[in-house]
Amino acid sequence: MANITLTHDGKTFEFPLTVGSEKEGGIDIGKLRSGSGLVTLDPGFVNTASTTSSITFLDGEKGILRYRGYPIEQLAEHSSFVEVAYLLLHGELPSAAQLATFQQTLAANSLVPEDLKHLYRAFPRTAHPMAMLGAAVNALSAFNEDVSDPNVPAQVEAASHRLLAQLPLLASWGYKHAKNQPFAYPDASLDYVSSFLKSTFGLPTAPYAVDDEVRRTLDLLLILHADHEQNCSTSTVRIVGSSKANLFTSVNAGISALWGPLHGGANQEVLEMLELIHNDGGNLQKYVDLAKDKNANFRLMGFGHRVYKNFDPRAKIIKGACDRVLAKLKIDDPLLDLAKRLEETALKDDYFVSRKLYPNVDFYSGIIYRALGIPTNMFTVMFALGRLPGWVSHWREMNALKTPIGRPRQIYTGATERDYVPVAKR
Ligand code: CMC
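Keep in mind it's a predicted model, so treat the numbers as computed, not measured. (Residues numbered from 1 in each chain as written. Predicted model: local features only at pLDDT ≥ 70, side-chain atom pairs only at ≥ 80, totals over all residues. Heavy atoms only, no water.)

Student: Sorry, what's going on with the pattern of salt bridges here?
Tutor: Under the criterion given, the structure shown has 20 salt bridges. Where D187 meets K198, a salt bridge forms, and the shortest distance between an N and an O atom there is 2.7 Å. Placement of D187 in the loop between α7 (153-179) and α8 (192-201) and of K198 in helix α8 is noted, with a sequence separation of 11 residues between them. Using a relative accessible area of 19% as the deciding quantity, one classes D187 as buried. One network of salt bridges, in which partners are shared, links E213, R216 and K328. (Salt bridge = Lys/Arg side-chain N within 4 Å of Asp/Glu carboxyl O. Helix = DSSP H or I, 4+ residues; strand = E, 2+ residues; numbered from the N terminus. Buried < 20%, exposed > 50% of the residue type's maximum accessible area, 1.4 Å probe, protein only.)

Encoded structure:
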């Protein structure tokens, strides 16, 4: 493909195109500043590819999402979360033996350092579970210094396994702390998701039987959240990692980014919004109008996406799963009906149609989490559990590509040089 030509101040500069395997083109401006003295200005990185990546492909216009080439619909139907985690990390689906070894490795590493309990106990019982999860993951750096060197592949591998193995228990401890219940331990005889369910909802006083429908549904949700290329939290993990910060603290930064209501925090906000509308008599038009009012500071949470300008394929799958799961669990949730009617009302409205604002992954997921007994303020923790393989895979890719430290430029708009005035003369 031809180079891109830029003319400025009577001079012409040429930039090569980088073309991806799905034929997306990007102008490689690596020599822009050294040649022309100019930089690009792109707040929110709306037009900027920060890296090449071979992990996830998504086409927002067509509503396509693929992990390592495999369509999300096929993975959702046939795969498991642990298998997807392996796929994201290693680039290929595992053989039966590789999968079994991977599962055993995770089970063997799932015990969390015992002293971390003190950290949880230092939090108020009302603490947001994302605050506890982030703090605990950051604290893991201190317990895992033996695997914190990004330049040693065996340490990177071990750190990846420990983090993947331990995040479910850390998530469950946040739940236990809020409920003032004893902290549990993982059950290495169970699969990844069942062990999480048992350590979260089980009590030492009674046997805990994992409901297979609950396990399969949670597994599905985790698969759907496992990666989404250069989203806010993943870009954060990559940029923190580019300073050679260890994997644990890089992922902690991703947890912070995910918590925001415009990103993963939206799943909690969606449910709170649906409850608000429900308790306010179910007047959908009132809230659709509010979302359109630029002075109202109210958005339809769970709607819109930076990249998808079509149905989010994950939302389609979750919406389908919602009916099935609620029926199987014999739950009649008025919020599901309300959500469907809200979607219908919004998608008939020119404001949403013209801006291509469709339901995203967070719109229906909360209704399922609620049906599984997960408290609303833990929804974003569930997102983090799902997104972890994506964060780890991106951190490893960034590290392997020897990505330079992330350090954007700016266009300075402040005061030009002026002399200091002593305080008495101001
Ligand atoms: N309700 C009402 N108006 C909206 C919404 C919404 N949910 N989303 C976007 N708009 C409007 C926005 O006001 C703007 O209008 P105008 O062109 O008149 O100024 C236009 O649509 C484009 O929006 P934007 O904010 O410039 O788009 P963005 O790409 O910067 O933001 C977004 C994407 C996801 C942050 C945004 O759509 C949003 O705030 N949605 C609600 C929060 C949400 O559901 N977030 C979860 C995202 S998916 C999962 C994840 O990433 O974690």
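Still more ground to cover, so stick around.
Student: Help me understand the site of the ligand, please; the structure alone is not making it clear to me.
Tutor: H263, R299, L300, G302 and R306 are the nearest of the 22 residues found near the ligand. K294 has a polar side-chain atom sitting 2.9 Å from an oxygen atom of the ligand. In the model, an oxygen atom of the ligand is placed 2.8 Å from a nitrogen or oxygen of the G302 main chain. Burial of the ligand by the protein amounts to 76% of the accessible area it has alone, namely 930 Å². The residue makeup of the shell around the ligand, split by class, is 11 nonpolar, 6 polar and 5 charged. (Near = heavy atom within 4 Å. Polar contact = N/O pair within 3.5 Å; in protein donor to acceptor, adjacent residues only side chain to side chain. Areas by Shrake-Rupley, 256 points an atom, 1.4 Å probe, with all protein chains shown as cover. Nonpolar A, V, L, I, M, F, W, Y, C, P; charged D, E, K, R; others polar.)

Student: What am I meant to see in helix α13 (residues 284-292) here?
Tutor: The periodicity of an α-helix, 3.6 residues per turn, causes residues three or four positions apart to be oriented the same way. All of the buried residues in α13 are L284, Y287, V288 and A291. Along α13, the residues classed as buried sweep out an arc of 105° about the axis, all on the same side. Contact partners of the buried residues in α13: α12 (266-279), α15 (334-347) and α16 (350-354). (Arc of directions from axis to C-beta. Contact = heavy atoms within 4.5 Å.)

Student: Honestly, the environment of W259 in this entry has me stumped. Any pointers?
Tutor: Within the secondary structure layout, W259 lies in helix α11 (residues 247-259). Assessed through its relative accessible area of 35%, W259 is described here as partly exposed. With 124 residues separating them in the primary sequence, W259 and F383 have C-alpha atoms 9.4 Å apart. Ignoring anything within four residues of it in the chain, the contact list for W259 reads H128, M130, A131, G265 and T380.

Student: Before we go on, may I ask you to explain unusual backbone geometry in this structure?
Tutor: The backbone of R68 shows a phi angle near 50°, a positive value even though the residue is not glycine. Tracing the backbone shows R68 in the loop between β6 (64-67) and β7 (70-71). Within the chain, K402 stands out as a residue other than glycine whose phi angle is a positive 50°. Note that K402 resides in the segment after α18 (379-400).

Honestly, that's just the spatial picture; any functional story needs more than this.
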